[in-house]
Amino acid sequence: MTKPKARGGVRVGQGSPDHALTLAYLPLGLLIAIVLASLYSFAFHLGFIPPLISLVLLVVLIAAVGLVTRQFSPSAAAGTRQTLAHMGLVCLLGGIAAASPTEFPPLMLWSLTAIAAAAAGIILVEAWIAEIINAAGPFSRRMGREANGLLVLSVAVLLWRSGKVDGWVVATGAVHYVALALSFALPAQRQDAPVTWRPYARVAMVAALILALAPVVPPIVATGLGAIALVLALAGVTADISATRS
């Protein structure tokens, strides 16, 4: 008689739950990223550079998260299958932001806005579902955080490149990486501050940037939304630093 499987999270020495995505499936994420970025570049005649950058970004993202979390086992939990989707979409945006075209037609801006909104939504839903079904782990939680950071930076750069907002808006995305560099010197800062508004501020920051990217939003309104996003980014990091000192 076989014993029923134990419920609950992953224990030390065990693999991931049956319903969780594992690190063994991440090569499929590379394929998804290549296909998405290539199709988008072909549709808008962007050439081969954006897909190549997207691929490099995804490889760096996976390697960096693996090193930070020390999750190298192919059976380690990596969240749900939605992780593959948001990684592909975020790296697609990152590739286009890094090799931006000289002009942004309205159709392209609408498509980038839709992709960014989809990526942000999937990141949120994936984190929620992964926790509910016990498919979350150190890798998936860190991946969601870093994917969100890359999303913010990519949208901020696209806003600047589109001419809707001046270059200062890129600081909104750079804040995450400054805080990341600081966390290596201050290990206590690797966790978010225990304040109730922190997750809502992150969602509002991403929403403000994505809304500002939409073609129907005039530059003056986009500038205001970018300023709100920057204030929220700085407020979050300030709260994290204050929490480490208390």
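Here the residue index of a chain counts from 1 through its sequence in written order. Predicted model: local features are reported for residues with pLDDT of at least 70 only, side-chain atom pairs are reported and counted for 80 or more only, and whole-chain, interface and lining totals are derived from all residues. The basis for the side-chain values is all heavy atoms of the structure; hydrogens and waters are excluded.

**Things to note about unusual backbone geometry**
Where the residue is not glycine, phi is negative for most of them; where a peptide bond is considered, it is trans in most cases.
Move 1: Within the chain, H45 stands out as a residue other than glycine whose phi angle is a positive 55°.
Move 2: In this structure, H45 sits in the loop between α1 (26–43) and α2 (49–69).
Move 3: Unusually for a residue other than glycine, R70 sits at a positive phi of about 60°.
Move 4: Put simply, DSSP marks the helices as runs of H or I at least four residues long and the strands as runs of E at least two long, and each gets a number from the N terminus on. In this structure, R70 sits in the loop between α2 and α3 (82–98).

**Overview of the packing of α2 against α3**
Move 1: Geometry is summarised by axes, namely lines fitted to C-alpha atoms with helices restricted to the contacting stretch, and by angles between N-to-C directions that run from 0 to 180 degrees. It is the contact of α2 with α3, at a shortest axis distance of 7 Å, that shows an interaxial angle of 125°. Comparing their axes, α3 and α2 come out oblique. In this structure, α2 crosses over α3, and the sense of that crossing is right-handed. Between α2 and α3, the residues in contact are P50, I53, S54, L57, L58, L61 and I62 and M87, C91, L92, G94, G95, I96 and A98, respectively.
Move 2: Among the residues making up the contact of α2 with α3, the classes are represented as 11 nonpolar, 3 polar and no charged. Angle categories are assigned with fixed cut-offs, so that under 35 degrees is roughly parallel, over 145 is roughly antiparallel, 65 to 115 is roughly perpendicular, and the rest are oblique. Should the near helix be turned counterclockwise from the far one by less than a right angle, the crossing is left-handed, whereas a clockwise turn marks it as right-handed. Residue contacts follow a heavy-atom distance rule, with two residues in contact if any of their heavy atoms lie within 4.5 Å. Basically, the charged four are Asp, Glu, Lys and Arg, the nonpolar ten are Ala, Val, Leu, Ile, Met, Phe, Trp, Tyr, Cys and Pro, and anything else, Gly included, counts as polar.

**A short note on the nonpolar core**
Move 1: The definition of a nonpolar core used throughout is a set of buried Ala, Val, Leu, Ile, Met, Phe, Trp, Tyr and Cys residues joined through side-chain atoms within 4.5 Å. Here the term buried applies to any residue with accessible area under 20% of the maximum for its type, exposed to any over 50%, and partly exposed to those in between, with areas from a 1.4 Å probe on protein chains only. In terms of nonpolar packing, the biggest core is built from 61 residues, with Y40, L112, F139, L151 and L158 touching the most fellow members.
Move 2: Among the elements of the structure, α1, α2, α3, α4 (106–132), α5 (138–162), α6 (170–185), α7 (198–213) and α8 (219–245) are those that each provide at least two residues to this core.
Move 3: When residues in this core are grouped by element, the largest group, 10 residues, is from α5.
Move 4: With residues up to four places along the chain from it excluded, the contact list for F139 reads L23, L26, I62, V65, G66, T69, Q71, A77 and A78.

**Some words on the pattern of salt bridges**
Move 1: Throughout this description, the term salt bridge denotes a Lys or Arg side-chain nitrogen within 4 Å of a carboxyl oxygen of Asp or Glu. Across all of its chains, the model carries 2 salt bridges by this definition.
Move 2: Across the pair E131 and R141 runs a salt bridge, and its minimum N-O distance is 2.8 Å. Taken as a pair, E131 in helix α4 and R141 in helix α5 lie far apart in primary sequence, 10 residues in all.
Move 3: For E131, a relative accessible area of 41% corresponds to the partly exposed category.
Move 4: R142 is the salt-bridge partner of E146, the closest N and O atoms lying 3.2 Å from each other. Of this pair, E146 and R142 are both found in helix α5, 4 residues apart, which corresponds to roughly one turn of the helix.

**Brief notes about a nonpolar patch on the surface**
Move 1: In this analysis, a patch consists of residues with relative accessible area above 30% that form no salt bridge, clustered at 9 Å for like charges and at 5 Å for the nonpolar side chains Val, Leu, Ile, Met, Phe, Trp and Tyr. Residue burial considers only the protein chains on display, and all accessible areas are found by Shrake-Rupley using a 1.4 Å probe. Taken together, the side chains of Y25, L28, L31, V35 and L39 present a nonpolar region at the surface, about 480 Å² in accessible area.
Move 2: Within the secondary structure, V35 sits in helix α1.
Move 3: A relative accessible area of 40% means that V35 is categorised as partly exposed.

**As for the packing of aromatic side chains**
Each aromatic ring pair is summarised here by two numbers: the centre-to-centre distance and the angle between the ring planes.
Move 1: Side-chain rings of Phe, Tyr and Trp (the six-membered ring for Trp) are treated as a pair once their centres are within 6.5 Å; stacked means planes under 30 degrees apart, edge-to-face means over 60, and tilted covers the remaining angles. As enumerated under the stated definition, the model contains 1 aromatic pair in all.
Move 2: Between Y40 and F44 the ring centres are 4.8 Å apart and the planes differ by 35°, which places this aromatic pair in the tilted class.
Move 3: The class of Y40 is buried, set by a relative accessible area of 8%.

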